[in-house]
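Given next are the chains, with one letter for each unit.
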Amino acid sequence: MPLGYSFWITTEELEEIVARVGPYFPTYLKKIGAGPHGGLSFEFEPFSGCEEEPWEPSTHEDPKLTYMPQSENKAEHLLREKARVVLSRLYEGSGRRRSPA
């Protein structure tokens, strides 16, 4: 089930999502907070332009983030989908690209 453009993340889900995707956060991420209209906002360290361009990491091998069919466990399926979207939006917000898979 696709999440669509917007979806809700509860406080408990956000805590679990951060725990799961935290190891994939870029080193230049300063803060995740509440954004406008109930969304998330990401604050980054200033870029000097001399850094190597970071890539959005692949999570396909992570046992807490790999795809799980909705028919197997609906709640876990949705949590993993939300976690992947949060990670993607974080890297999109930083202006960075996805790693080649």
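Residues numbered from 1 in each chain as written. Predicted model: local features only at pLDDT ≥ 70, side-chain atom pairs only at ≥ 80, totals over all residues. Heavy atoms only, no water.

**Q** Please explain the confidence of the model for the chain as it appears in this structure.
**A** Atom-level detail of predicted coordinates should not be read off regions where pLDDT is low. With 85% of its residues at a pLDDT of 70 or more, the chain has an overall mean of 82. Ranking the helices and strands of the chain by mean pLDDT puts helix H1 (residues 11–21) first, with 91, and strand E4 (residues 97–98) last, with 47. Below a pLDDT of 50 lies the segment residues 97–101, which in the model reaches twelve contacts outside its immediate sequence neighbourhood of four places, other chains included. (pLDDT = per-residue confidence, 0-100. Helix = DSSP H or I, 4+ residues; strand = E, 2+ residues; numbered from the N terminus. Contact = heavy atoms within 4.5 Å.)

**Q** Where do I start with the pattern of salt bridges in this structure?
**A** Pairing is possible between side chains that carry opposite charge, provided their charged atoms lie close to one another. Within the structure shown, the criterion is met by seven salt bridges. A salt bridge links Arg20 to Glu16; the shortest N-O distance between them is 2.7 Å. Taken together, the residues span about one helical turn, with Arg20 and Glu16 both in helix H1 at a distance of four residues. For Arg20, a relative accessible area of 11% puts it in the buried group. Here Glu43 and Lys30 are joined by a salt bridge, their closest N and O atoms 3.2 Å apart. Of the two residues, Glu43 sits in strand E2 (residues 40–44) while Lys30 sits in strand E1 (residues 29–34), which places them 13 residues apart along the sequence. Through salt bridges with shared partners, one network takes in Glu16, Arg20, Glu76 and Arg80. (Salt bridge = Lys/Arg side-chain N within 4 Å of Asp/Glu carboxyl O. Buried < 20%, exposed > 50% of the residue type's maximum accessible area, 1.4 Å probe, protein only.)

**Q** What exactly am I supposed to notice about the side chain of Asp62 here?
**A** Among the structural elements, Asp62 can be located in the loop between strand E3 (55–56) and helix H2 (74–93). Of the side chains bearing the opposite charge, Lys64 lies closest to the buried Asp62, which forms no salt bridge; the N-O distance is 7.0 Å. Those residues in contact with Asp62, other than ones at most four positions away along the chain, are Arg20 and Tyr24. (Lys, Arg positive; Asp, Glu negative; His and termini not counted.)

**Q** Hey, could you run me through H2 in this one?
**A** Taking 1.5 Å as the rise per residue, H2 with 20 residues should run 28 Å; its terminal C-alpha atoms sit 28 Å apart, in good agreement. The N-capping residue of H2, defined by a side-chain oxygen 3.3 Å from the backbone nitrogen of Ala75, is Asn73. (Expected span 1.5 Å × (residues − 1). Polar contact = N/O pair within 3.5 Å; in protein donor to acceptor, adjacent residues only side chain to side chain.)

**Q** Before we go on, may I ask you to explain the packing of aromatic side chains in this structure?
**A** Within a pair of aromatic rings, the relevant descriptors are the distance that separates the centres and the angle that separates the planes. Under the counting rule described, the total for this entry stands at one aromatic pair. Each ring, one from Tyr28 and one from Phe44, has its centre 5.6 Å from the other, and the planes form 50 degrees; the classification is tilted. Of this pair, Tyr28 sits in the loop between H1 and E1 while Phe44 sits in strand E2, and the two are 16 residues apart along the sequence. (Phe/Tyr/Trp six-rings, centres within 6.5 Å; stacked < 30°, edge-to-face > 60°.)

**Q** Would you mind showing me how to read H1 here?
**A** A turn of α-helix holds 3.6 residues, and therefore any two residues three or four places apart point the same way. Ile17, Arg20 and Val21 are the residues of H1 that are buried. Considered in projection along H1, the buried side chains sweep an arc of 80 degrees and stay on one side of the axis. In H1, the exposed residues that point more than 90 degrees away from the buried face are Thr11, Glu12, Glu15 and Ala19. Those residues of H1 that are buried are in contact with H2. (Arc of directions from axis to C-beta.)

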